[in-house]
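Observations on the three-dimensional arrangement
Residues per chain are reported as follows:
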Amino acid sequence: MVFNLMALLKTSDYGFIRVASAVPLVNVADIDYNVEQILECVKRAAATGAQLLALPELCVTAYTCADLFANEVLLNEAERAVAKICESTAHCDMVIVLGAPLRCDGHLYNCAFVINRGEILGIVPKTYLPNYKEFYEKRWFTSYNLTRDKHEISFGGRVYPFGTDLIFDAGKVKLAVEICEDLWVPIPPSSIYSLNGANVIVNLSASNELIGKHKYLVDLIKHQSEHCISAYVYSSAGYGESTTDLVFAGNAIIAENGTLLKECPRFEQTAQLECADVDIEALNNERCVDGSFSDNLLQFSRPMQHVALQWPDTVNYDKIRLDRRLKKLPFVPREESQLHSRCEDIINIQTEGLMRRLEFTHIKTLVVGVSGGLDSTLALLVATRAFDRLGLDRKGIYGITMPGFGTTDRTYNNALDLMHALGISVKEISIAAAVTQHFKDIEQDMNKHDVTYENGQARERTQILMDFANKLGGLVLGTGDLSELALGWATYNGDHMSMYNVNCSIPKTLAKHLVMWFATQSSTSNPQGLIVHETLLDVLHTPISPELTPADEHGNIKQKTEDLVGPYELHDFFLYHMMRHGYSPRKLYMLATLAFEGDYDRPTIKKWLTKFMWRFFGQQFKRSCLPDGPKVGNVSLSPRGDWRMPSDAASKLWIKECESLSE
């Protein structure tokens, strides 16, 4: 059945829609009061620009009317109230989903009415009626399971789509509704809806409060939104419901693909409203790349009634601020407790990957280049952890520092101090003489500090590591990180190459936290532990640099990576959202201007976004032949795993979009 016109999302919405969940006040069986409160919530939601509003189960009457649901007075007035709400919202450009009872053919259904611009688009009955412990819904209501052949229903003299097979279709946005207990069964209706196209699920609920129940509820909603790869908008009854036996705390919860976007305070004596911007584009992209999601449809494909929905006018996010929490560092958890456990998990993944490689190859010797910089420090720390867990002598780790033309005293001393304090075998090999001879051989001017000057040093260091590992029968441990791989900030067949790389999935912004984790774990009660702790802190405060050009006149690092390729926090932001969600430069730019507001102006963000796209496409050939290394997060650039891209893919479309961005 098709009603109204289908509408696609407009360009100024960037793929977002604004949804709202409300908890109005109620008086049991006081329908005039309840309608007044519902309309007030509609008014508040409209003022925020919300395009969708969810209201609680049976909010027109209140959920706790009990045997009054068998009374004609209540039911007649409830039907008139729905009509009044439609009439009062005729000029409101918002999809409203509210709960009310509905009689038909000798049955009483617990229903969700989907209303837009004063018109009822469809009516969804509750499928699973709880009838255990404190719940007695089968005493009053009929489950739709008993009348599944019914697909239309008469209400107010008109016939409307009816059933649990309704998807309200607005093109990119596809809305479906379930009611309270429907979520708590092993295979909820929302799972079937989602497999058949719905990407926004609304749940109207009246779940009472119990000790520990709220956390379970929030986790359930988050998990269901993740399983369905959907948005989940939940509204549950609150203040004013009968407290004869139960208390209803009121829940307005909005989740998206496993992430909690918004949650209202509970136990409030005022109406609650929460709004959030849901990323429909990211959800649809995630479904496209998740083959298992599509395959599951083979088992749970169902015929659905698609009710065409003219989606409310788009929110113009060029003019209205996005209502969504944005992380500057998407690879790093916000909460300190999560950060600690996340770091521990990542380091265990890195450690176990290296342990298995050593164990399988029967190699007990590891060679790692230690520069005193962030990445080589992290790789070395993982190496010592792997050796400890395997019961191997740390002297089997050969840390080689290779000072060159740009090495500063700070990094040189940090490298030596850290290696000695960790108790590994320490070796120093200067590359100056070898590189000087090499430049003579290829007729490179020593005073010309170009790419040949820099890469010649990087390749000499790699040659030393490889040959020394051959001499010892060892394995060269790679140190390059994910951010450098994305930008191609590595010398091809130089630091780009190793025999196993534990850092290949670690972005630069995360590497800092991992090294800090090691620093906090270092015992300061003994001299060696104190040296490790203090050295790691200094490494964290050292400017990131390949140190391939001479230091300044004061002996300090002159060649700073972020001055050349841009801030890593910006590049990691671009990398995460492009790889994880498939965002375009236009959307990346919009989000970055909000996330880094006050840190970088728009021209600066545009400059480095363009640079990111240019380098990302142009440097794919380096990623096509990477060494083995463990994946640790959702974003990886391994050519054998997550990212397969032609080395000669054109960047023209992405660069063109970058250049078109307004500053």
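A few points on the structure. (Residues numbered from 1 in each chain as written. Predicted model: local features only at pLDDT ≥ 70, side-chain atom pairs only at ≥ 80, totals over all residues. Heavy atoms only, no water.)

**Quick look at the overall build of the chain**
Put simply, the rule reads: Counting from the N terminus, the helices are DSSP H or I runs at least four residues long and the strands are E runs at least two residues long. Type-normalised accessible area, obtained with a 1.4 Å probe on protein chains alone, sets the label of each residue: buried when under 20%, exposed when over 50%, and partly exposed for intermediate values. The contact definition used throughout considers only heavy atoms, calling two residues in contact when any of these lie within 4.5 Å. Surface accessibility in these figures is a Shrake-Rupley result with a 1.4 Å probe; residues are shielded only by whichever protein chains are displayed. In this charge count, Lys and Arg are treated as positive and Asp and Glu as negative; neither His nor the chain ends contribute. Taken as the charge location is NZ of Lys, CZ of Arg, CG of Asp or CD of Glu.
Check the secondary structure of the chain and you find 20 helices and 20 strands. By principal-axis analysis of the C-alpha atoms, the chain measures approximately 100 × 50 × 45 Å. Here the chain holds 663 residues, and the buried ones make up 57% of them. Partitioning the intrachain contacts of the chain with sequence separation of at least 6 by distance along the chain shows that 74% fall at a separation of at least 24. A total of about 28,000 Å² of accessible surface is found on the chain, and carbon and sulfur atoms cover 50% of it. Distance between charge centres in the chain, computed from 65 positive and 81 negative side chains, equals 3 Å.

**Brief notes about the side chain of His581**
With respect to the secondary-structure elements, His581 resides in helix α16 (residues 568-581). When near neighbours in sequence (up to four residues on either side) are disregarded, His581 contacts Ala282, Asn285 and Tyr576.

**Regarding the sheet that holds strand β20 (residues 500-501)**
Filter applied, for reference: Note on pairing: DSSP must find at least two bridges between two strands before they are called paired.
Strand order in the open sheet made by the 5 strands is β18-β17-β16-β19-β20, with parallel pairing throughout. Across the chains shown, the open sheet's two edge strands, defined by having one partner strand only, are β18 (425-428) and β20. Two elements, strand β19 (residues 475-478) and β20, share 2 bridges in a ladder whose sense is parallel. By the bridge assignment, Gly478 is partnered in β20 with Asn501.

**Remarks on the pairing of strand β14 (residues 272-279)**
With 8 of 8 residues buried, β14 lies mostly within the body of the structure. Side chains of β14 alternate between two faces, with Gln272, Glu274, Ala276 and Val278 and Leu273, Cys275, Asp277 and Asp279 buried alike.

**Details of the sheet that holds strand β11 (residues 231-236)**
The following threshold applies: Convention adopted: a line fitted to C-alpha atoms gives each axis, helices being fitted over their contacting stretch, and angles between N-to-C directions are expressed from 0 to 180 degrees.
Spatially, the 7 strands line up as an open sheet ordered β13-β12-β11-β10-β9-β8-β15, and their pairing is mixed. Looking at which strands have only one partner, the edges of the open sheet turn out to be β13 (259-263) and β15 (305-308). Put simply, the sheet's adjacent strands are angled 25° from each other on average, direction ignored. Sheet topology note: the strand β9 (residues 173-179)/strand β10 (residues 200-205) ladder contains 5 bridges and is parallel. Residue pairing for β10: Val177 is matched across the bridge by Val202. Each of β11, β12 (251-256) and β13 touches helix α4 (residues 213-227); the most contacted strand, β12, lies at about 30° to it.

**Things to note about the environment of Val635**
Here Val635 is to be found in the loop between α19 (620-623) and α20 (652-659). Taking the C-alpha atoms as reference points, Val635 and Trp184, 451 residues apart in sequence, are found 32 Å from one another. Excluding its chain neighbours within four sequence positions, the residues that come into contact with Val635 are Phe331, Leu482, Leu575, Tyr576, Met579 and Arg580.

**A closer look at the environment of Trp517**
Here Trp517 is to be found in helix α13 (residues 508-521). The contacts of Trp517, once residues within four sequence positions are left out, are His340, Cys343, Glu344, Ile347 and Arg385.

**So, helix α8 (residues 374-390)**
Using the following cut-off: For a helix, the expected span equals 1.5 Å multiplied by the number of residues minus one.
Here α8 spans 25 Å end to end across 17 residues, near enough to the 24 Å set by a 1.5 Å rise per residue. Most of α8 is tucked away, with 13 of its 17 residues classed as buried. In the segment just after α8, Gly391 is the residue with positive phi, at about 75°.

**Quick word on the nonpolar core**
Put simply, the rule is: Each nonpolar core is a collection of buried residues, namely Ala, Val, Leu, Ile, Met, Phe, Trp, Tyr and Cys, held together in the definition by side-chain atoms within 4.5 Å.
Counting 54 residues, the largest nonpolar core has Leu53, Leu55, Val60, Leu98, Phe113, Ile120 and Ile123 as its most contacted members. No other element matches the 7 residues that helix α2 (residues 72-88) contributes to this core. For Val60, the residues in contact, after removing those within four places along its chain, are Ile31, Asn34, Ile38, Ala78, Ala81, Val82, Ile85, Leu98, Gly99 and Ala100. In terms of nonpolar packing, the next biggest core, distinct from the first, is built from 52 residues, Leu175, Cys180, Leu204 and Ile253 among them.

**Observations regarding the packing of helix α10 (residues 432-442) against helix α11 (residues 451-472)**
A pair of packed helices is captured by two measures, namely the crossing angle of their axes and the spacing between those axes. Test applied: Roughly parallel means an angle under 35 degrees; roughly antiparallel, over 145; roughly perpendicular, 65 to 115; everything else is oblique. Throughout, a crossing is termed right-handed when the near helix is turned clockwise from the far one, and left-handed when it is turned anticlockwise from it by less than a right angle.
Remark: α10 packs on α11, axes separated minimally by 10 Å, with the N-to-C direction vectors making an angle of 125°. Comparing their axes, α11 and α10 come out oblique. Seen along the crossing, α10 lies across α11 with a hand that is right-handed. Contact residues: α10 offers Ala434, Val435, Phe439 and Ile442, while α11 offers Thr452, Tyr453, Gly456, Gln457 and Glu460.

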